[in-house]
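# Per-entry structural report
Read off the chains here:
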Number of protein chains: 2
Amino acid sequence: MESPEAVVTVADLGEFGLIAAMRALLPAGHAQLLGIGDDAAVVRAPDARVVATSDLLVEGRHFRRDWSGPVDIGGKAAAQNMADVAAMGATPTALLVGLAVPGDLPADWVLDLTRGLAEESAAAGAFVAGGDVSAADSVLLCITALGDLAGREPVTRGGARPGDRVAVTGALGGAAAGLALLAAGLADDLADPGLLSLVAAHRRPRPPYAAGPRAAVFGATSMIDVSDGLIQDLGHISEESDVAIEVDPGLLADSAVVPAASLRAAAAALGGADWLDWVLAGGDDHALAATFPPDAALPPGWSVIGLVRAGNDARVTGRSDVYPGWEHFRR
Amino acid sequence: MESPEAVVTVADLGEFGLIAAMRALLPAGHAQLLGIGDDAAVVRAPDARVVATSDLLVEGRHFRRDWSGPVDIGGKAAAQNMADVAAMGATPTALLVGLAVPGDLPADWVLDLTRGLAEESAAAGAFVAGGDVSAADSVLLCITALGDLAGREPVTRGGARPGDRVAVTGALGGAAAGLALLAAGLADDLADPGLLSLVAAHRRPRPPYAAGPRAAVFGATSMIDVSDGLIQDLGHISEESDVAIEVDPGLLADSAVVPAASLRAAAAALGGADWLDWVLAGGDDHALAATFPPDAALPPGWSVIGLVRAGNDARVTGRSDVYPGWEHFRR
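Keep in mind that what you see is a predicted model, and the values were worked out from it rather than measured. By convention here, each chain's residues receive numbers from 1 onward along its written sequence. Chain letters and ligand numbers both follow the written order, the letters beginning at A and the numbers at 1. Only residues with pLDDT of at least 70 get local features here, since the model is predicted, and only at 80 or more are side-chain atom pairs given and counted; chain-wide, interface and lining totals rely on the full set of residues. As a convention, hydrogens and water are excluded, and side-chain values are obtained from all of the structure's heavy atoms.

### Some points on the overall build of chain A
Here is the rule we go by: Each helix is a run of DSSP H or I of at least 4 residues and each strand a run of E of at least 2, with the numbering of both proceeding from the N terminus. Every radius of gyration here is taken over C-alpha atoms, with the globule rule written as 2.2 Å times N^0.38, N being the number of residues. Classification of residues uses two cut-offs on accessible area relative to the type maximum, computed with a 1.4 Å probe and protein chains only: under 20% is buried, over 50% is exposed, and between them is partly exposed. Every residue pair with non-hydrogen atoms within 4.5 Å of one another is taken to be in contact. Surface accessibility follows the Shrake-Rupley procedure with a 1.4 Å probe radius. Residue values consider only the protein chains on display as shielding. The charged-residue count follows a simple rule in which Lys and Arg add positive charge and Asp and Glu add negative charge, with His and chain termini not counted at all. In this description, the location of a charge corresponds to atom NZ of lysine, CZ of arginine, CG of aspartate or CD of glutamate.
The number of helices and strands found in chain A is ten helices and twelve strands. Over its C-alpha trace chain A gives a radius of gyration of 20 Å, about what one expects of a compact globule, namely 20 Å for 331 residues. Dimensions of chain A along its principal axes, counting C-alpha atoms only, are 60 × 55 × 35 Å. The buried share among the 331 residues of chain A stands at 59%. Here the analysis covers contacts within chain A between residues at least 6 apart in sequence; of these, 85% occur between residues at least 24 apart. Here chain A has roughly 12,100 Å² of accessible surface; of this, 53% comes from carbon and sulfur atoms. For chain A, the distance from the average position of its 22 positive side-chain charges to the average position of its 42 negative side-chain charges is 5 Å.

Spelled out as structure tokens, the structure:
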């Protein structure tokens, strides 16, 4: 074991030393005109409009350092923001990263987090354009993602029409099941690759970035990043579009987005949880849900799971449960 | 006094209730194509490039709730980010706001902070396009500001050349003096309007937003937002431009950017502090410093304070002091 004296902390490097070490791990992107190191970055916005979204990740609330490593935390922070860009039908171009950390945190932890940010940005075709570093009592990440629409109209939550088909792409349920395994203390002893993949899904979502712009090209009438829970997020489409959304649990359970066998195994390992609840109400997978006109061909990789009707709620055929999703100030 | 039971907290409103109440206080801006309420905002970027910068403000480190009210904290957070945009020669267009707060914080505090954000954005011609709200143990703000260059090249820190004149606009020294008065416990008993204006300068910087783009039009070769301390920030220009910068303390002290009489009065009230130190090393005023070619006319409102020479440091004629500026992980 390394002796504690050998650990270089964030305070050892200092603000400017830390930024220099992070910067060395962050490659330029194709949208970069001016990168890290000036008062602000300059990023290409070829469409003359820029898509922009911000998310906070707070230690102990959005992640635990004992449940996730820094590469995954950085990757997940980047992923959840870029999934929001994709859900508008846009392509991610750049990230800005606000990072607050305790001074006694090992500098390597921050550098691994930076590697995760760099890796995930590159996977989506984006880059880290700038940010800020500050001291704080616990770790907090604030990411802003920018994106380009390439001439398309943004796909909002407000365009679904009765008769449209509801479809999803990406993955659903795995992150919530993985979190349940971690919370039950079972994650360290898993050998089943299916169960391990659920824990991995919690630690590191893999949003289908390219599917967002492609759905826009195929005529998606509305779209959302599934981050709070499928039914709650479809509820946002229902509200903004003033329609009802009905999800068929059979279509959903059989769809390619649901790792049903692994979810069933996890439910058994946890003594009989309702695995479909992870799919309907679990967050953090960052699948995309969208609505498509009745006569439109669906892009490859999307599964139809339901229908848009006249009305004003989102529900699951044959279920009366309410799906509250995530509330940050829950007491 | 209001009874504690009557105070509506952030947790009482809940995440979605809080966001709705904040949203009602945030007007649209001229750059808004799609505002708060979808997965991401869509902001005009007419130049086909977007200037982007992020800053964190952490309670107890960047502000104290007992020293500054929420309107000023929101205004300052917006101001410091938009000053970075202006320092590139760009015009602020939009802000994204990440806000972490304890659930037991009065909702009115957050709404007043929102008013400060709205007020300052509007003063710079920008608007709040989106953001995120989360629970945390103390207040943390993370702002991203976007801006437009209107066809101009960005003014970086790297273009100063020997022979250029160094000039500043805005205000210098007041914020640091105001902070010193607050730290000494003198701020509550002040009657002198000059001293009160210093405390106000700490609580609410007034960056000269329009001066940034105008300096670009007048041919500024380099520019920086003075946030860490004048000499330290000029040191960044020195480093990136590979030049020496020499500031004439006489020119500086007599310039329109320095409220010399109030600073002298504050120094006396504090038992003889060196008031020029607030000007040279104090942060938080968000003045702009720039270099202009020897033969260029200066835009209105700028004061020449020194000269660019061959060399590689930033110093003050006749002073050998080192000006370390702000370091977040100082121990």
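Structure shown, so let's carry the discussion forward.
### Here's the deal with the pairing of strand β10 (residues 287-292) of chain B
Residue and element names in this part refer to chain B. Selection criterion: Strand pairing follows a simple DSSP-based rule, namely that at least 2 bridges must link the two strands.
Burial analysis of β10 places six of its six residues in the buried class, which makes it a mostly covered element. Here β10 shows two buried faces, one formed by A287, A289 and T291 and the other by L288, A290 and F292. Looking at chain direction, strand β7 (residues 165-169) and β10 are connected through five bridges and run antiparallel. Each residue of the ladder has a partner; that of V168, found in β10, is A289.

### Observations concerning the pairing of β7(B)
Residues and elements named next belong to chain B. Summarising burial for β7: four of the five residues are buried, a large majority. Relative to strand β11 (residues 303-309), β7 runs antiparallel, the two being bridged by four bridges. Residue pairing in the sheet places A167 in a bridge with V304 of β11.

### Thoughts on the environment of B:D274
Residue and element names in this part refer to chain B. Quick reminder of the rule: Any pair of N or O atoms that falls within 3.5 Å is considered a polar contact. Within protein, one atom must be able to donate a hydrogen and the other to accept it, and sequence-neighbouring residues count only if both atoms are side-chain atoms.
With respect to the element layout, D274 can be found in the loop between α9 (260-269) and α10 (275-281). With relative accessibility at 37%, the residue D274 sits in the partly exposed group. Separated by 3.1 Å, the side chain of D274 and the backbone nitrogen of L276 make a polar contact.

### Considerations on the sheet that holds strand β1 (residues 32-34) of chain A
To keep it simple, the criterion reads: Only the stretch in contact is used when fitting a helix axis, every axis being a line fitted to C-alpha atoms; angles between N-to-C directions are given from 0 to 180 degrees.
Within the open sheet, the six strands sit side by side as β1(A)-β2(A)-β3(B)-β6(B)-β4(B)-β5(B). Their pairing is mixed. Two strands in the sheet have a free side with no partner beyond their single neighbour: β1 of chain A together with β5 (127-135) of chain B. In this sheet, adjacent strand axes meet at a mean angle of 25° when their direction is disregarded. Of the pairings in the sheet, the one linking strand β3 (residues 49-58) of chain B to strand β6 (residues 140-148) of chain B comprises eight bridges and is antiparallel in character. The residue bridging B:S54 from the neighbouring strand is B:T144, located in β6(B).

### A word on the relation of the copies chain A and chain B
As a reminder of what qualifies: Least-squares superposition aligns the copies on the C-alpha atoms of those residues with pLDDT at or above 70 in both.
With an RMSD of 0.0 Å, chain A superimposes on chain B once it is rotated by 180° and translated 0.0 Å along the axis. Accordingly, the operation relating the two chain copies is best matched by a two-fold axis. Every residue of chain A has its C-alpha some distance from the rotation axis, and the shortest such distance is that of A:A48, at 2.2 Å. When the interface residues of chain A are mapped onto chain B, 100% of them again lie at the interface, so the same face is used by both copies.

### Side note on unusual backbone geometry
Residue and element names in this part refer to chain B. Positive phi values are uncommon outside glycine, yet A150 reaches one of about 50°. Within the secondary structure, A150 is located in the loop between β6 and β7. Assessed through its relative accessible area of 53%, A150 is described here as exposed. The residue D284 is not glycine, and still its phi comes out positive at about 80°. Of note, D284 is situated in the loop between α10 and β10. On the basis of relative accessibility, which here comes to 21%, the residue D284 falls in the partly exposed class.

### Looking at helix α1 (residues 10-23) of chain B
All names here are of chain B. We count it as follows: To estimate how far a helix should extend, the number of its residues minus one is multiplied by 1.5 Å. Values of bend correspond, residue by residue, to the angle between axes fitted over the seven residues ending at that residue and the seven starting there.
With 14 residues, α1 should reach 20 Å at 1.5 Å per residue; the first-to-last C-alpha distance of 15 Å falls well below that figure. At F16, α1 shows its largest kink, close to 80°. The set of residues buried in α1 consists of V10, A11, G14, E15, L18 and M22. Against the buried residues of α1 lie β4 (91-101), α3 (107-124) and β5.

### Concerning the pattern of salt bridges
What counts is decided by this rule: By convention in these notes, a salt bridge is any Lys or Arg side-chain nitrogen within 4 Å of a carboxyl oxygen on Asp or Glu.
Going through the model one piece at a time under the given rule, you end up with 36 salt bridges over all chains. The partner of A:R64 in a salt bridge is A:D66, and the shortest N-O contact between them spans 2.8 Å. The exposure class of A:R64 is partly exposed, given its relative accessible area of 36%. Take A:D66: its relative accessible area is 56%, and that puts it in the exposed class. Ionic pairing is found between B:R49 and B:E153, a salt bridge with its closest N-O pair at 3.4 Å. Residue B:R49 is found in strand β3, and its partner B:E153 is found in the loop between β6 and β7; the two are separated by 104 residues along the sequence. Judged by its relative accessible area of 13%, B:R49 falls in the buried class. If you follow the salt bridges from partner to partner, you end up with A:D72, A:E119, A:E120, A:R204 and A:R206 in one network.

By themselves, these figures tell us nothing about what the structure is for.
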